[in-house]
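In case you want the letters, here they are:
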Amino acid sequence: MLGAPTELQPDTLDQPVPPAEPEEEAQPYGPFNRDLPQQLIDALSATIREFQQQEKYTRRLEVLHDRKLRFYERGYQHISWNNTQGAFTLASPGSTMYNSAGQSVQCPTYIDDYNIFFPYLRILTSVLTQNPPGISFQPIDPSVSEDIDGAKEAEGYTKAFDRYNDIKALQTAIVRMMGVSGRVVSWTRTDEDGQKFGYNPDGSPKKFQRTTIHGTLETKVPLLAREFDAGCLYCFIYDDPDIRKAKDEYPWKAANIKANQAALGESAYERTARIGVLNGTRNQAQLGDSFTHLVSRLHAFIRPAAFTGDLYDNPLEAPEEGDVTKDPETGDSRPMTVGEKLRDLFPEGVRACYVGDVYVGSAAESMDDHIEIQWPYEGDGMFRAAFMDPMVVVQDNFNDMMNGAREEFDTGWGAIWFNAEDEDLDAVRDQKSAPNAIRGFKLPAGQAMRDGIYEEKGPDLPASFVQFLQMIQGELPQFMLAAPPALFGDSMEDQKTASGYAQARSQAMGQLGVIWGKIQRMFARIRYQAALAAANCEDMQGEMTVPGSNGQQSLVVNLEKLRKGNFGCYPDEDSNFPESTPQKRATLTGLLTAAATSPLMTELLNNPDNIEEIKRLNGFEELVLLPAEARNKQLWEIEQLLQSAPLPPSPQEMEAANVQHAAGAIAAQQNGQPAPPEPDPMAMMEPSIPVDELDFHQWEFEKCQEWLSSAARRQEEARGNKDGILNVKLHALEHRKFVAMAAAAAAPPPMPAAAPKKPPQPAGPPPAPAAPVAAPAI
């Protein structure tokens, strides 16, 4: 009998904890290499500072680009970069501000922001996040069983990853960064978090995989690298934890960590822009309070190709035992250089962590196993456009026109002039200038009263102005962003038919498909990297059970089979662009209509799994459908059956079977017939979960029969769980007995046999003619 695997509950990770290995053997410089020799730390620090100084001017431009679009997203759109202060200056009505050239300029009185930038970003985000991206795990070599097993186990692990990561939030963050930042960086790793994942039996926090999304403000990469490949030597990721959190997370360096420290080699304007985004403030002066309790942290991913140069050619100052290598020219043994030692410690690359400028640790991590970089569109280098870039000029012009129209209405309303005496003039002179004001003037003698009142003409915007305003608000950005009204459910003047709307939406979807493909590729890498991180996590070894969602069966994942190089994760190229729920419901309505005339469609829709999906899609979770309920019950029973063996017959049952066999043997001997076979205990086994006579036997039997032909059954066979499979089979046979009994009871009684017809008799002689009847006498 196969024991029950460890179960993964929604709020905990009950993974078996492997025995701890001596830290001295696994990590010669302590956990997270916190005791790395100072010479090696100095070399890493010098390399990071050198990379921080590369492309300084271009780096400033991409920071300004990202910060500006995030200002526009929040509705702060009358802004200007101030080179003197090193920050954006936000204009206020009537004030003075410095432009990018350092000149003082007067701001107009009407300077409001009419934010259409964010609504268009919201529309595209809603379309691009309707469905999760389609991905597919595939073996590297389909002819190798280890590769097939790795792809299968990775597919199952993904369901666990999705339970602990808000996939919808990740997808939304990716779309947002593609819109306002341009470059999107995902970081997938194993996090230790007892408050989120629970604690091990020894009290240590549990670990699980997590992915975070970062934009240009939070990352730095070599801007001249064409792609994210071996030529991208580094990737820096910044964040700004509270000083207390930083000290708690790195207690061995708590005394050295100070508040208001920039990350190693980081420019002040980068940090100011990033914290300004977190602060959500319009004014740089309001960041002072934030600096007092924050410290910047840097996670620096560096490829081993960076460990070259004069600094790395220096020999180790304090070589330890084993720090020797062979000279490539002479073949003689010599002490390692700094570069050779770092390559020995970090053969695939390093992630070095600094809080402020304090080194707190490092780990041997390949950048390709944890980092993925994507952009919404193809381009050159790492500094590429965001898909909301075209909206900046549209937003600026729309603001100017709206403010101009408002000024026209506020200041151009006609005043009323009338013939007034001196005392009346004194009264109206004190009134505030406003629309519909009253003005007084002296009426010359001899003129009529009607000539003493004059009303100015009210404001009237030209028709061309109104048309241009409508165009710049609607048609122009809709064309630039591929977001026609059909995409978000608005009316279209030039479309009167449903097919026309569908065509407009389809064309927009085709253009957005470029961005959708990038999202798919990023998600494929994220899930692949998460599976690798799980395989390398010391707290997640052996098997784990992932509970099914929405009544689905739980999965057992063998993390030992997840090996780099055995499987890959790729975008599902056959998956369609995400469709909205109303579109899916419309498709379902068509299927239900076809089922009325198609036996094949009727059979498809009668499947318990499909019935459950129909209920979910239509939003009727509270609707009770008996086939779906029976399906969920049977799935739960299958899980329990797989965790135990069938029940052997009891001694009383065996004794009764032996008595019956003996009686049958005697009767057969008396009749001269062969003796019946002896009772077989294996044939008398029963499932560990008996069926109930009130079960919905037909639906539960069909679910058991379906499972016995599914990939889940083959997975159990690969695990050697013969007892569990037999248990499910015996349970299914019990349901089938009740199905047969119900069919026999419902069958009509047999018709009585008809009486046999008599055979036809041969014809006899013709009857004699009748005697004539005498006529009565008269």
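Here is what the cut-offs are and how they apply
Residues numbered from 1 in each chain as written. Predicted model: local features only at pLDDT ≥ 70, side-chain atom pairs only at ≥ 80, totals over all residues. Heavy atoms only, no water. Helix = DSSP H or I, 4+ residues; strand = E, 2+ residues; numbered from the N terminus. Buried < 20%, exposed > 50% of the residue type's maximum accessible area, 1.4 Å probe, protein only. Contact = heavy atoms within 4.5 Å. Areas by Shrake-Rupley, 256 points an atom, 1.4 Å probe, with all protein chains shown as cover. Disulfide = S-S within 2.5 Å. Phe/Tyr/Trp six-rings, centres within 6.5 Å; stacked < 30°, edge-to-face > 60°. Lys NZ or Arg CZ within 6 Å of the ring centre and 35° of its normal. pLDDT = per-residue confidence, 0-100. Core = buried A, V, L, I, M, F, W, Y, C linked by side-chain atoms within 4.5 Å. Patch = residues over 30% accessible without salt bridge, like charges linked within 9 Å, V, L, I, M, F, W, Y side chains within 5 Å. Salt bridge = Lys/Arg side-chain N within 4 Å of Asp/Glu carboxyl O. Arc of directions from axis to C-beta. Polar contact = N/O pair within 3.5 Å; in protein donor to acceptor, adjacent residues only side chain to side chain. Pairing = 2+ DSSP bridges. Axes fitted to C-alpha atoms, helices over the stretch in contact; angles between N-to-C directions.

Q: Please explain the overall build of the protein as it appears in this structure.
A: A count of helices and strands for the protein gives 26 helices and 21 strands. Relative to its 778 residues, the protein shows a buried fraction of 44%. Contacts spanning at least 24 positions in sequence make up 72% of the contacts within the protein whose residues lie at least 6 apart. Roughly 41800 Å² of accessible area belongs to the protein as shown, and the carbon and sulfur atoms make up 54% of that amount.

Q: Sorry if this is basic, but what is going on with the state of the cysteines here?
A: Note on terminology: a disulfide is the covalent bond linking the sulfur atoms of two cysteines. Under the counting rule described, the total for this entry stands at 0 disulfides. With no disulfide of its own, Cys232 lies closest to Cys235 among cysteine sulfurs, the gap being 6.3 Å. The class of Cys232 is buried, set by a relative accessible area of 0%.

Q: Would you mind showing me how to read the packing of aromatic side chains here?
A: Here the distance between the centres and the angle between the planes together describe a pair of aromatic rings. Following the criterion strictly, the structure yields 16 aromatic pairs and no others. With a centroid separation of 6.1 Å and 40° between ring planes, the pair formed by Tyr157 and Phe208 is classed as tilted. Residue Tyr157 is located in helix α5 (residues 145–164), and its partner Phe208 is located in strand β7 (residues 207–214); the two are separated by 51 residues in the primary sequence. Accessibility expressed as a relative area gives 0% for Phe208, which makes it buried. Considering the side-chain rings of Tyr250 and Trp252, the 5.8 Å spacing of their centres and the 85° angle between planes classify their relative orientation as edge-to-face. Feature note: the residues Tyr157, Phe161, Tyr164, Phe197 and Phe208 constitute an aromatic cluster, connected by ring pairs. Above the ring of Trp252, the side-chain terminus of Arg34 is found at 3.6 Å from the ring centroid.

Q: Honestly, unusual backbone geometry in this entry has me stumped. Any pointers?
A: Phi is positive for Asn33, close to 50°, though the residue is something other than glycine. Within the secondary structure layout, Asn33 lies in the loop between α1 (23–26) and α2 (38–52). Using a relative accessible area of 12% as the deciding quantity, one classes Asn33 as buried. The backbone phi angle of Glu55 is positive, close to 50°, even though this residue is not glycine. Locating Glu55 in the fold gives a position in the loop between α2 and α3 (56–74).

Q: Looking at this structure, how should I read the confidence of the model for the protein?
A: Any region with low pLDDT has predicted coordinates that should not be read closely. Confidence in the prediction of the protein, expressed as mean pLDDT, is 80, and 75% of residues score 70 or more. Ignoring residues within four places in sequence, the model shows residues 1–25, a span with pLDDT below 50, making 59 contacts including any to other chains. In this model, residues 773–778 is a region of pLDDT below 50 whose contacts with residues beyond four sequence positions or in other chains number 0 contacts.

Q: Mind showing me how you'd approach the nonpolar core here?
A: Generally speaking, soluble globular proteins have nonpolar side chains that are buried together. Within the largest apolar cluster, 73 residues are counted, with the highest numbers of intra-cluster contacts made by Tyr157, Ile174, Met388, Ile519 and Phe567. Ranked by residue count, the leading element in this core is helix α18 (residues 498–535), at 15 residues. Setting aside residues no more than four positions away along its own chain, Tyr157 makes contact with Phe208, Gln209, Ala530, Ala531, Ala534, Met540, Met544, Val557 and Leu559. Judged by nonpolar contacts, the second largest core, of 29 residues, contains Tyr234, Ala300, Phe307 and Leu316.

Q: Explain a nonpolar patch on the surface to me, please; I cannot follow it from the model alone.
A: There is a patch of nonpolar side chains on the surface, built from Tyr57, Leu61 and Phe383 and spanning about 310 Å² of accessible area. For Phe383, the location among the structural elements is in the loop between β15 (371–374) and α13 (391–412).

Q: For this particular structure, what's the right way to read helix α12 (residues 338–345)?
A: One turn of the α-helix equals 3.6 residues, which is why residues spaced by three or four share an orientation. Listed as buried for α12 are Val338, Gly339, Lys341, Leu342 and Leu345. End-on view of α12: buried residues confined to an arc of 160°, all on one side of the axis. Structurally, α12 contributes buried residues whose contacts are with α2, α11 (310–313) and β14 (358–364).

Q: When you look at helix α25 (residues 711–718) in this model, what are you seeing that I'm missing?
A: Taken residue by residue, α25 has Ala712, Gln715 and Glu716 as its buried positions. One side of α25 holds all its buried residues, which, seen down the axis, span an arc of 100°. Where the residues of α25 are buried, they touch α5, β20 (555–558), α22 (626–642), α24 (697–708) and α26 (722–746). In this structure Ser710 caps α25, since a side-chain oxygen of it lies 3.3 Å from the backbone nitrogen of Ala712. Looking one or two residues past α25, Gly720 carries a phi angle of roughly 80°, positive in sign.

Q: Whenever I open this one, the sheet that holds strand β6 (residues 184–192) confuses me. Can you help?
A: Across a sheet, paired strands are connected by hydrogen bonds in the backbone, their directions being either parallel or antiparallel. The strand order across the open sheet built from 3 strands is β7-β6-β15, with neighbouring strands paired in antiparallel fashion. Two strands bound the open sheet, and with one partner strand each, they are β7 and β15. Across the sheet, the axes of successive neighbouring strands diverge by a mean angle of 20°, strand direction being ignored. Two strands pair when backbone bridges link them, and β6 and β7 are joined in this way by 8 bridges, in the antiparallel orientation. Bridging across to β7, Ser186 finds its partner in Ile213. Across the sheet, helix α6 (residues 167–180) is in contact with β6, β7 and β15; its angle to β7 comes to roughly 25°.

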